[in-house]
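Geometric and topological summary
Here is how the chains run, residue by residue.
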Number of protein chains: 2
Amino acid sequence: MEKIKVGILGYGNLGRGVELAISKAQDMELVAVFTRRDNVVTDMGKACINVNKIENYKDKIDVLILCGGSATDLPFQGVEMVKLFNTVDSFDTHAKIPEYFANMDKAAKESGKLGIISVGWDPGLFSIARMLFGAILPEGNDYTFWGKGVSQGHSDAIRRIKGVKDGKQYTIPKEQALEIVRSGEVADLTARDKHLRECFVVAEENADKAAIANEIKNMPNYFADYDTIVHFISEEELKKNHSKMPHGGFVIRSGKTTDEHKHILELSIKLDSNPEFTSSVLAAYARAIAKLAKEGKKGAVSVFDIPLSYLSPASNEELRKHLL
Amino acid sequence: MEKIKVGILGYGNLGRGVELAISKAQDMELVAVFTRRDNVVTDMGKACINVNKIENYKDKIDVLILCGGSATDLPFQGVEMVKLFNTVDSFDTHAKIPEYFANMDKAAKESGKLGIISVGWDPGLFSIARMLFGAILPEGNDYTFWGKGVSQGHSDAIRRIKGVKDGKQYTIPKEQALEIVRSGEVADLTARDKHLRECFVVAEENADKAAIANEIKNMPNYFADYDTIVHFISEEELKKNHSKMPHGGFVIRSGKTTDEHKHILELSIKLDSNPEFTSSVLAAYARAIAKLAKEGKKGAVSVFDIPLSYLSPASNEELRKHLL
């Protein structure tokens, strides 16, 4: 059987994770990794190719996995790349998904390519859980919790404060809120009720720690609506204890079929490495996109549009026999 | 918008649950309920129609939900019905799924209809979790636990014993096994390690209780491989405390991306009413089958073949905006 030919654009944490995931898939092969930087060699010893040569690979790649960020890379990169390739990306700016989808759909339909947006765990697996649970139990509510894990955006916000040398922020779901939701109670939970924010900060020498803590706790959008704990630690301690990238979370739907009969559905994930897991989801959807594109599907799609069997290297017969 | 026209075949616990689920779906209407018995009126006041008149409804129903049992009804009923209608069923004899699928596929392709088999929570939701989790984390193991809940098959087995007037069996997952699996340990768990079986038995007057308990505990396939607890109780107590049909369970995948990075994915469900929940799943898939059949899809399919958006009454735009 011919292998699915995969390209990676961008070689940060996500790109590394995708390289790892593809190396373990017997039905896929990594053709090329593209970066903006020169002379990059991957963890697995592959020489990266400058992105300005990517057009030469137009007919050599079945699916290109975009490993850039949602803020600045993907809105432009996605639309440019889907003119040349079938694509998979992890666009995660929830509020801008309709606009991004429309742009991708237009470009993909013009080029005759297929692009899936917003793949990962949220958006991604958690979206699947919200959709599936809600379709089955229309009378009910769903609750999404994130953590315990490092939030990149909140860590960046801390690091932008004057006097801060480095910092990490953990988003932590509150046990009490989880218990309420799992009990089937209809709960009107605020941001503060659901999550706690814990910050580990390395201050510059002679910085005003009280002022830094105050600025963090009152930062609008990021921290002001939460209970926030700030710890000041040394650079060595940050490196030693807070350099990993664990994450996780919960989607819980509490619904009912009659007033007497409640039902609780829950998807929970606990990840040692957020980027490696997200990359594994990207790799599985790359397989699906390559297969669907081969069948002639075009335009932009999301995880809601993909029959699940396309994610697996196994045949439909095997899936039905062993997993149904 | 025109509503999806639904028929129900069989009016036991599942049929009642489907009637309830359809009554809450604004995009579906219940056209007819068919039974073998005469003069049956449904919970919602609908006069049932004798199944021998079902052929008259050939052009009046978009999708027929088969609410019979897997042991004796479905193997024959499914194949007969898919000659006339698009169908949804809950066939759950795991070992016979390939054979049943092949028969349904042949009949459906001949008639130009679409039939989905094995819908519910296991097979069904749990199959989706096993497949999706495995496609994302190919290096790993998955573990399915059932309960706490009433097992119909095991309750029936108890009731067949001489001297037993009535009985109920609960399948209970062992906390210790759940903990091991959730810790990410690769666990080689036996049937006994994973589940406990608790039986509540009403004995006939003067029956030999010790002999009954002994027969239950040593019954091959059903109880011999498990730790089994037998309680003898009165008929009143059974009625009062054990007439509900709760159930639930867990699918847990423990996988890794590198030797240092483990990931745990878990789907758990906790149901006050097993038949009402299963019926809610059947109703959602009936919607999907009606839509896919309208698009021209034919033959037999499983939950692995259905794009998830088809399960929802919402448009793709709404789904992407609110749930992605």
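The following paragraphs examine the structure supplied in this document. (Residues numbered from 1 in each chain as written. Chains lettered and ligands numbered in written order. Predicted model: local features only at pLDDT ≥ 70, side-chain atom pairs only at ≥ 80, totals over all residues. Heavy atoms only, no water.)

1. Comments concerning the interface of chain B and chain A
Each partner contributes to the interface: chain B provides 59 residues, whereas chain A provides 59 residues. Both sides together, the interface formed by chain B and chain A hides about 5400 Å², and carbon and sulfur atoms give 65% of it. Counting every contact that joins chain B to chain A gives two salt bridges. Between Lys 24 of chain B and Glu 139 of chain A there is a salt bridge, and its shortest N-O distance comes to 2.8 Å. (Contact = heavy atoms within 4.5 Å. Buried area = accessible area lost by both parts, 1.4 Å probe. Salt bridge = Lys/Arg side-chain N within 4 Å of Asp/Glu carboxyl O.)

2. What about the packing of aromatic side chains?
Under the defined criterion, the tally for this structure stands at eight aromatic pairs over all chains. Relative to Phe 126 of chain B, the ring of Trp 121 of chain B has its centre 5.3 Å away and its plane inclined at 75°; by these criteria the two rings are edge-to-face. Residue Trp 121 of chain B is classed as buried on the basis of its relative accessible area, which comes to 8%. Judged by its relative accessible area of 0%, Phe 126 of chain B is buried. Lying over the aromatic face of Tyr 226 of chain A, Arg 197 of chain A brings its terminal NZ or CZ to 4.1 Å of the ring centre. Lys 60 of chain B extends its terminal NZ or CZ atom over the ring of Tyr 57 of chain B, reaching a point 5.2 Å from the ring centre. (Phe/Tyr/Trp six-rings, centres within 6.5 Å; stacked < 30°, edge-to-face > 60°. Buried < 20%, exposed > 50% of the residue type's maximum accessible area, 1.4 Å probe, protein only. Lys NZ or Arg CZ within 6 Å of the ring centre and 35° of its normal.)

3. Quick look at the sheet that holds strand β7 (residues 140–146) of chain B
Taken in spatial order, the six strands make up an open sheet running β7(A)-β12(A)-β13(A)-β13(B)-β12(B)-β7(B), and their pairing is antiparallel. At either end of the open sheet lies a strand with only one pairing partner, and these are β7 (140–146) of chain A together with β7 of chain B. Put simply, the sheet's adjacent strands are angled 5° from each other on average, direction ignored. In this sheet, strand β12 (residues 247–256) of chain A lies alongside β7 of chain A in antiparallel orientation, the contact comprising seven bridges. (Pairing = 2+ DSSP bridges. Helix = DSSP H or I, 4+ residues; strand = E, 2+ residues; numbered from the N terminus. Axes fitted to C-alpha atoms, helices over the stretch in contact; angles between N-to-C directions.)

4. Describing the relation of the copies chain B and chain A
The two copies are related by a screw motion: chain B maps onto chain A through a turn of 180° and a shift of 0.0 Å along the axis, at an RMSD of 0.1 Å. A rotation of that kind, with that shift, is consistent with a two-fold axis. When the interface residues of chain B are mapped onto chain A, 100% of them again lie at the interface, so the same face is used by both copies. (Least-squares fit on C-alpha atoms with pLDDT ≥ 70 in both.)

5. Looking at the pattern of salt bridges
Under the defined criterion, the tally for this structure stands at 36 salt bridges over all chains. Ionic pairing is found between Asp 227 of chain A and Arg 192 of chain A, a salt bridge with its closest N-O pair at 2.9 Å. You can see Asp 227 of chain A sitting in strand β11 (residues 227–232) and its partner Arg 192 of chain A sitting in helix α7 (residues 191–194), a full 35 residues away along the chain. The exposure class of Asp 227 of chain A is partly exposed, given its relative accessible area of 31%. The closest approach of N and O atoms between Glu 2 of chain B and Lys 5 of chain B, which form a salt bridge, is 3.2 Å. Overlapping salt bridges, with partners in common, bring together Asp 156, Arg 159 and Asp 166 of chain A in one network.

6. Here we look at helix α10 (residues 274–294) of chain A
Residue and element names in this part refer to chain A. Here α10 is 21 residues long and its end C-alpha atoms lie 31 Å apart, about the 30 Å a rise of 1.5 Å per residue gives. The backbone nitrogen of Glu 276 lies 3.1 Å from a side-chain oxygen of the residue at the head of α10, namely Ser 273. Taken from the residues just after α10, Gly 296 is the one with a positive phi, measuring 105°. (Expected span 1.5 Å × (residues − 1). Polar contact = N/O pair within 3.5 Å; in protein donor to acceptor, adjacent residues only side chain to side chain.)

7. Quick notes on the packing of helix α4 (residues 125–136) of chain A against helix α4 (residues 125–136) of chain B
Packing of α4 of chain A against α4 of chain B leaves a shortest axis separation of 13 Å and a crossing angle of 170°. What the angle tells us is that α4 of chain A and α4 of chain B run roughly antiparallel. For the pair formed by α4 of chain A and α4 of chain B, the contact residues are Leu 125, Ile 128, Leu 132 and Ile 136 of chain A on the first element and Leu 125, Ile 128, Leu 132 and Ile 136 of chain B on the second. Taken together, the residues of the contact of α4 of chain A with α4 of chain B break down into eight nonpolar, no polar and no charged. (Parallel < 35°, antiparallel > 145°, perpendicular 65-115°, else oblique. Nonpolar A, V, L, I, M, F, W, Y, C, P; charged D, E, K, R; others polar.)

8. Let's talk about the pairing of strand β1 (residues 4–9) of chain A
All names here are of chain A. Burial of β1 is extensive: five of the six residues sit out of reach of the surface. Taken together, the six bridges between β1 and strand β2 (residues 28–35) define a ladder with parallel strand orientation. The residue bridging Val 6 from the neighbouring strand is Leu 30, located in β2. For the crossover from β1 across helix α1 (residues 13–23) to β2, the handedness is right-handed. The pairing of β1 with strand β4 (residues 63–66) spans four bridges and is classified as parallel. Opposite Leu 9, over in β4, you have Leu 66 as the bridge partner. (Right-handed = clockwise from strand over helix to strand, strands pointing away.)

9. Some details on the side chain of Ser 127 of chain A
Considering the arrangement of structural elements, one finds Ser 127 of chain A in helix α4. Residue Ser 127 of chain A is classed as buried on the basis of its relative accessible area, which comes to 0%. The contact partners of Ser 127 of chain A, leaving out residues within four places of it in the chain, are Trp 121, Asp 122, Val 303 and Phe 304 of chain A together with Leu 323 and Leu 324 of chain B.

None of this, on its own, says anything about what the molecule does.
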